[in-house]
Amino acid sequence: MLVTCDPCDARRWTESTTSNRRVAIVPTMGSLHEGHLSLVRRACALADEVVVSIFVNPTQFAPHEDLARYPRPIEDDLAMLEREGVAMVYSPSNDAIYPPGYSTFVEPPAVAEPLEGKLRPGHFRGVCTIVLKLFQTIPATVAVFGQKDFQQALVVQAMVRDLDIPIHIDVAPTIREPDGLAMSSRNRYLSTEQRARSLCLSRALDACSQLAQENERSLASLESAMLDQLRPGQPDGADHVDYAVVVDRRTLHPVQQSISWQASDLVALIAARLGSTRLIDNRLLHSPPMTL
Ligand code: PAF
């Protein structure tokens, strides 16, 4: 496995490889867990060679966010990737990505505006900029992102479409702990007590999804079913709920109750805090099975 922090090396390696072999990239910020490894395995199935990037991108963190405490267990990450048969790990330094005088940023697409875009101004500008730079350095045929970051996947798909970037964005299902908590590098910040309470997110999505399958037509009822499980501010619930919404799965804008919608047009999305740890999760909703 080639490990490089040099963008020129990474690009040369990819260009020498792409002539007759498909390359997949899995962009990460390291601190890898089974969720990331599932993306890597999916990438291995989609391409001949897999590149994983590891870069904790400072421009997608706001000053009060967890950039400084973001875990960076690089040796463990490399050992895991070696075992998965990854061909190259690209792990650039801050200076290689944002050298002194760096001043160019991507203006994110419209789907970046609601939800995370409102609550984390500048976040998707940072994500789009680093992802575009990674795609420039590693001109892969496919990139694999996780559905857990649902809005991020839509933002990257829209950016690729709008800027004519010749890469396919594959979105892989969320991997969960056996009790339902979506895997995330941030789960390691949770205390035992917060970890137990964190299950309110997956319970909320289960409740919402169940109601949708029972043909509940009121969006307010779908959302309040989530809040009933999230119990914001209650001793057994989340400390704070940033949002728990059911929206159009393509635009992430609210769907008007008055227009006719199918549950399969919708996604339920949650962002909630336990202590100072912010967790996100989501579920695509499904209509009840058709009956004759
Ligand atoms: O999802 C992440 O880990 C990051 O947002 C990404 C896509 C690697 C960009 O820094």
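Our structure is the block above this text.
Residues numbered from 1 in each chain as written. Predicted model: local features only at pLDDT ≥ 70, side-chain atom pairs only at ≥ 80, totals over all residues. Heavy atoms only, no water.

*Asks:* Please set out the pattern of salt bridges residue by residue, giving values where relevant.
*Replies:* One pass over the structure, following the stated rule, counts 19 salt bridges. Salt-bridge contacts for Arg-197 lead to Glu-193; the nearest nitrogen and oxygen are separated by 2.6 Å. Note that Arg-197 and Glu-193 are positioned in helix 8 (residues 192-197) at a spacing of 4 residues, about one turn of the helix. Glu-193 sits in the partly exposed class, given a relative accessible area of 44%. The salt bridge involving Arg-197 is made with Asp-239; its shortest N-O contact spans 3.1 Å. (Salt bridge = Lys/Arg side-chain N within 4 Å of Asp/Glu carboxyl O. Helix = DSSP H or I, 4+ residues; strand = E, 2+ residues; numbered from the N terminus. Buried < 20%, exposed > 50% of the residue type's maximum accessible area, 1.4 Å probe, protein only.)

*Asks:* Provide a residue-level description of the nonpolar core, including the pertinent values.
*Replies:* Among the nonpolar cores identified, the biggest contains 45 residues, and Phe-135, Ile-167, Leu-252 and Leu-269 are the most heavily contacted of them. Those elements that place two or more of their residues in this core are helix 1 (7-18), strand 2 (23-28), strand 4 (88-90), helix 6 (123-137), strand 5 (142-146), helix 7 (150-162), strand 7 (240-248) and strand 8 (266-274). Ignoring any residue separated from it by four or fewer positions in sequence, one finds Ile-167 in contact with Ile-25, Phe-135, Ala-140, Thr-141, Val-142, Ala-143 and Val-160. Counting residues in each nonpolar core, the second largest holds 27 residues, with Leu-190, Leu-219, Ala-244 and Leu-266 among its members. (Core = buried A, V, L, I, M, F, W, Y, C linked by side-chain atoms within 4.5 Å. Contact = heavy atoms within 4.5 Å.)

*Asks:* Can you explain the side chain of Arg-120? Please cite residues and give values.
*Replies:* With respect to the element layout, Arg-120 can be found in the loop between helix 5 (116-119) and helix 6. In this structure Arg-120 touches Gln-60, Glu-65, Arg-186 and Arg-278, once residues within four positions along its chain are discounted.

*Asks:* Talk me through the packing of aromatic side chains; I want residue IDs and the actual numbers.
*Replies:* All chains considered together, the criterion is met by 5 aromatic pairs. On the basis of an interplanar angle of 75° and a centroid distance of 5.9 Å, the ring pair of Phe-61 and Tyr-70 is categorised as edge-to-face. Overall, the relative accessible area of 9% leaves Phe-61 in the buried class. The class for Tyr-70 is buried, based on a relative accessible area of 8%. Centroid distance Tyr-98 to Phe-105: 6.4 Å. Interplanar angle 20°. Geometry classified as stacked. (Phe/Tyr/Trp six-rings, centres within 6.5 Å; stacked < 30°, edge-to-face > 60°.)

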